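Here's the letter readout for the chains.
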Amino acid sequence: MDDDRFRLLVQGVLDYGIFMLDTEGRISTWNAGAERITGYAAEEIAGRHFSVFHPPEDVAASEPARELETAVAEGRLEDEGWRVRKDGTRFWANVVITALYDEHGRLHGFGKVTRDMTERRNAEQALRERRRLVGHLVEAQEVERRRIAWDVHDESIQSMVAVGMRLQLLASRLPEPHASAVGGLDESVAAAIARLRGLVSRLRPPELDRHGLVEAVSAYTDEVAGRWGLAHEVRDELTAEPSPEAAITVYRICQEALSNVRKHARATRVGVTLSTVDNGTLVRITDDGVGTAGGDAGAGHFGLVEMHERAEAAHGWLSVDSTPGEGTVIEFWLPLLPDATELEP
């Protein structure tokens, strides 16, 4: 009775093709899942060699025979690759072949389990392509930010510095009240230079190139949190410096996260901790603000979407944990080095 129940269970499974092969690889049993996946009914597939599911190039390369030899030598074989349905269309399959022996240790045949993974593979490829495109966009943004920063610093700021020096010289040679008027112009130029230097710092933080990630994040946090009146702390627990690509992504996510604290949290304190975990950089940003219900603070907010996309484009992850009245925790992790295999065009 137990054998009958088990046979009914196997025959009724729809998500997996489960069937038996004899010692030569010919099909001896068939279930509903195998019919659904391949399109073959039991009566038309029984007795045929399982190589019928392999593409012609695999058959020519003796791939089906290799699979059985491996299953005998190692007890089982697991593989993923293209397989062919009855109508000639291909699907991406996960296949497990297990060698079956009788009580005397003689090979009795093989059990084969096949799962159609085409939809999952397509989804994974689409996700990889999206991440690749987002990665290229982020890279292009950083290149343009750097170019603008250099142009502003090397041209606009230097020209205005020269104008300021000439104004100072002119003011020293003029009588009052003209000297005071020119001095006022010089102060306006100096204020404009300070604003431009702030813009350059936001476009491409000089601390990042000169002193590394922690110094850049600390300088930015000191600047903005101090301006907003927030108590703040940056803790350095890094044991390895991330790559320049990962460092600028960490910095940009921290910028956006701190901006969200100012706009939405109504917090009095913010903390940033950077540490090295699992061969990557883990960043934890906490605040004591109002928090939100549902655990995901501002899930539809553009800034949060951008943070998620930046982290995923760098092959990392980002999570948000928020509790009403207790504040919000943003955590994200990026690998120390970019994944070269996924950065290829």
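Look a little higher up for the structure.
About the cut-offs
- Residues numbered from 1 in each chain as written.
- Predicted model: local features only at pLDDT ≥ 70, side-chain atom pairs only at ≥ 80, totals over all residues.
- Heavy atoms only, no water.
- Salt bridge = Lys/Arg side-chain N within 4 Å of Asp/Glu carboxyl O.
- Helix = DSSP H or I, 4+ residues; strand = E, 2+ residues; numbered from the N terminus.
- Buried < 20%, exposed > 50% of the residue type's maximum accessible area, 1.4 Å probe, protein only.
- Lys, Arg positive; Asp, Glu negative; His and termini not counted.
- Contact = heavy atoms within 4.5 Å.

## A short note on the pattern of salt bridges
This model, assessed by the stated rule, comprises 17 salt bridges. Between Glu44 and Lys86 there is a salt bridge, and its shortest N-O distance comes to 3.0 Å. With Glu44 in helix H3 (residues 42-45) and Lys86 in the loop between strand E2 (76-84) and strand E3 (90-101), this residue pair connects regions lying 42 residues apart in the sequence. With relative accessibility at 31%, the residue Glu44 sits in the partly exposed group. Given a relative accessible area of 46%, Lys86 falls into the partly exposed group. Between Arg83 and Glu67 there is a salt bridge; the shortest N-O distance is 3.0 Å. You can see Arg83 sitting in strand E2 and its partner Glu67 sitting in helix H5 (residues 63-74), a full 16 residues away along the chain. Neither residue differs from the other here; Arg83 and Glu67 are each classed as buried.

## Some words on the side chain of Glu256
Here Glu256 is to be found in helix H10 (residues 244-265). The side chain of Glu256 sits in the buried core without any salt bridge; Lys263 is the nearest counter-charge, 5.0 Å away. Not counting residues within four places of it along the chain, the set of residues in contact with Glu256 comprises Gly303, Glu306 and Met307.

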